[in-house]
Amino acid sequence: MAELSPQSSADEIVAHLRSIASEENRLGMLRYGIKIERALGISHGVQRQIAKKIKRNHERAFALWQTGIVEAQFIASVTVDPKRFSAADARQWASSFDSWDIVDGVSDLFVDTDAWIELISEFAADEREFVRRTAFAMMAWSVVHRKKEPEATFLAFLPIIEAQATDARNFVKKGVNWALRSLGKQSMVMHGAALAVAERLAQSTDKTARWIGKDAMKELSDARTIERLAARKT
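Let me begin by describing the structure that accompanies this report. Worth saying up front: this structure is predicted, and the values here are computed from it rather than measured.

Our focus in this paragraph is the overall build of the protein chain. Of regular secondary structure, the protein chain possesses 15 helices and 0 strands. The globule rule puts the C-alpha radius of gyration for 234 residues at 17 Å, and the 19 Å found for the protein chain is close to it. Based on the C-alpha atoms only, the size of the protein chain along its principal axes is roughly 60 × 35 × 35 Å. Every one of the 234 residues in the protein chain was classed for burial, and the buried ones make up 51%. Contacts in the protein chain between residues at least 24 apart in sequence constitute 69% of all its contacts with a sequence separation of at least 6.

See the structure below:
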């Protein structure tokens, strides 16, 4: 089999993925609550190495996505051009999400698109479990990718977090918690605002909201978290 390169076609890339598939790894993914029906059992590290080799190719990325193979889809998200990736494209890709791992991997791309703020609001209001999780995964990724964004942008996400904190579905609940903790570790201003939300949720009569609030409070109140934020400010 030919070595992968930027000139490799989608079919050649898929053939390579199938040649390195691992049933043992595939079954091991079940331990983490990952759906394996569309997976080949290839680690994210290997997938990233392949993406680095083949480089960006917008049209080929869509061909990879259409295969339905999870690993091919993750590679598609890394090699597509985010500036040419539209809100309509994001909606179409998100509509097929069926496992938390593909959500969290592809949400990384969505944050790099021009429509990211619009998509967060839209996806958070969507009733589909994995589409809603996408909104909160995007919030968590946004503090990594959008460092020049004003704090007001991130502060506007907190009411969305609070509004969806009663969604008891496992992958939404964990996504909301992830977003709240991530935003709270962005700056001292964000920390105070996120901690206030966590404290309110911890006092909620709703079991899910209480869990989210208490878990976020534990991390945001930790002395090490506060020290890191204080050091970042100076």
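A few words now on the pattern of salt bridges. All chains considered together, the criterion is met by 17 salt bridges. Measuring nitrogen to oxygen at the nearest pair gives 3.6 Å for the salt bridge that ties Asp-114 to Lys-83. Of this pair, Asp-114 sits in the loop between helix H7 (100-111) and helix H8 (116-125) while Lys-83 sits in the loop between helix H5 (70-79) and helix H6 (87-94), and the two are 31 residues apart along the sequence. An identical accessibility class is assigned to Asp-114 and Lys-83; each is exposed.

To continue, consider the layout of surface pockets. In this model, the largest pocket occupies a volume close to 280 Å³. Met-29, Ile-34, Ile-42, Ser-43 and His-44 are the residues nearest the centre of the largest pocket, which is lined by 17 residues in total. Elements that contribute at least two residues to the lining of the largest pocket include exactly helix H3 (44-54), H5 and H7. In terms of residue class, the lining of the largest pocket is built from 9 nonpolar, 6 polar and 2 charged. Volume-wise, the second largest pocket comes out at about 150 Å³.

Of all hydrophobic cores here, the largest spans 68 residues; its most connected members are Trp-93, Phe-97, Phe-110, Phe-136, Ile-161 and Leu-180. Per-element tally for this core: the top contributor is helix H9 (residues 129-145), with 8 residues. Apart from residues lying up to four places away in sequence, Leu-180 is in contact with Leu-158, Ile-161, Ala-194, Val-197, Ala-198, Leu-201, Ile-212, Ala-216 and Leu-220.

Another aspect to go through is helix H12 (residues 170-184). Between its first and last C-alpha atoms H12 spans 21 Å; for 15 residues at 1.5 Å apiece the expected length is 21 Å, and the two agree. With 11 of 15 residues buried, H12 lies mostly within the body of the structure.

The next thing to look at is H8. Trp-116, Leu-119, Ile-120, Phe-123 and Ala-124 are the residues of H8 that are buried. Down the axis of H8, the sector holding all buried residues measures 125 degrees, keeping them to one side. Residues of H8 that are buried in the fold lie against H6, H7, H9, helix H10 (151-155) and helix H11 (158-163).

Moving on: the packing of aromatic side chains. Summed over the entire model, instances satisfying the criterion amount to 12 aromatic pairs. Seen in terms of ring centroids, Trp-65 and Phe-97 are 6.4 Å apart; in terms of plane orientation they differ by 65 degrees. Their pairing is edge-to-face. Of this pair, Trp-65 sits in helix H4 (residues 58-66) while Phe-97 sits in the loop between H6 and H7, and the two are 32 residues apart along the sequence. On the basis of relative accessibility, which here comes to 5%, the residue Trp-65 falls in the buried class. The exposure class assigned to Phe-97 is buried, which follows from its relative accessible area of 7%. When the ring of Phe-110 is compared with that of Phe-123, the centres are 6.2 Å apart and the planes differ by 45 degrees; the resulting orientation is tilted. Placement of the pair is Phe-110 in helix H7 and Phe-123 in helix H8, with a sequence separation of 13 residues. Among the residues examined, Phe-110 registers a relative accessible area of 0% and is labelled buried.

Criteria and thresholds
Each chain has its residues counted from 1, running along the sequence as written. Only residues with pLDDT of at least 70 get local features here, since the model is predicted, and only at 80 or more are side-chain atom pairs given and counted; chain-wide, interface and lining totals rely on the full set of residues. Excluding hydrogens and water, the side-chain values take into account all heavy atoms of the structure. A run of DSSP states H or I qualifies as a helix once it reaches four residues; a run of E qualifies as a strand once it reaches two. Both are numbered from the N-terminal end. Just to be clear, the radius of gyration here is over C-alpha atoms, and the globule rule we use is 2.2 Å times residues to the power 0.38. Only protein chains enter the calculation, and the probe is 1.4 Å; a residue is then buried if its accessible area is under 20% of its type maximum, exposed if over 50%, and partly exposed in between. Every residue pair with non-hydrogen atoms within 4.5 Å of one another is taken to be in contact. Criterion for a salt bridge: a side-chain nitrogen of Lys or Arg within 4 Å of a carboxyl oxygen of Asp or Glu. The definitions used throughout rest on a 1 Å grid laid over the protein atoms alone, on which a cavity is an enclosed set of points accommodating a 1.4 Å probe that cannot get out and a pocket is an open set flanked by protein within 12 Å on both sides along at least five of seven lines; lining residues are those having an atom within 4 Å of a point. Grid points are joined across faces, edges and corners, and a volume is the space filled by probe spheres set on the points. Here the term charged refers only to Asp, Glu, Lys and Arg, the term nonpolar to Ala, Val, Leu, Ile, Met, Phe, Trp, Tyr, Cys and Pro, and the term polar to all other amino acids, Gly among them. Only buried Ala, Val, Leu, Ile, Met, Phe, Trp, Tyr and Cys residues count toward a nonpolar core, and they belong to the same one when joined by side-chain atoms within 4.5 Å. In a helix, the anticipated span is given by 1.5 Å times the number of residues less one. It is the directions from the helix axis to the C-beta atoms that the arc portrays. To pair, rings of Phe, Tyr and Trp, with the six-membered ring standing in for Trp, must have centres within 6.5 Å; the planes then decide the type, stacked if under 30 degrees apart, edge-to-face if over 60, and tilted in the middle.

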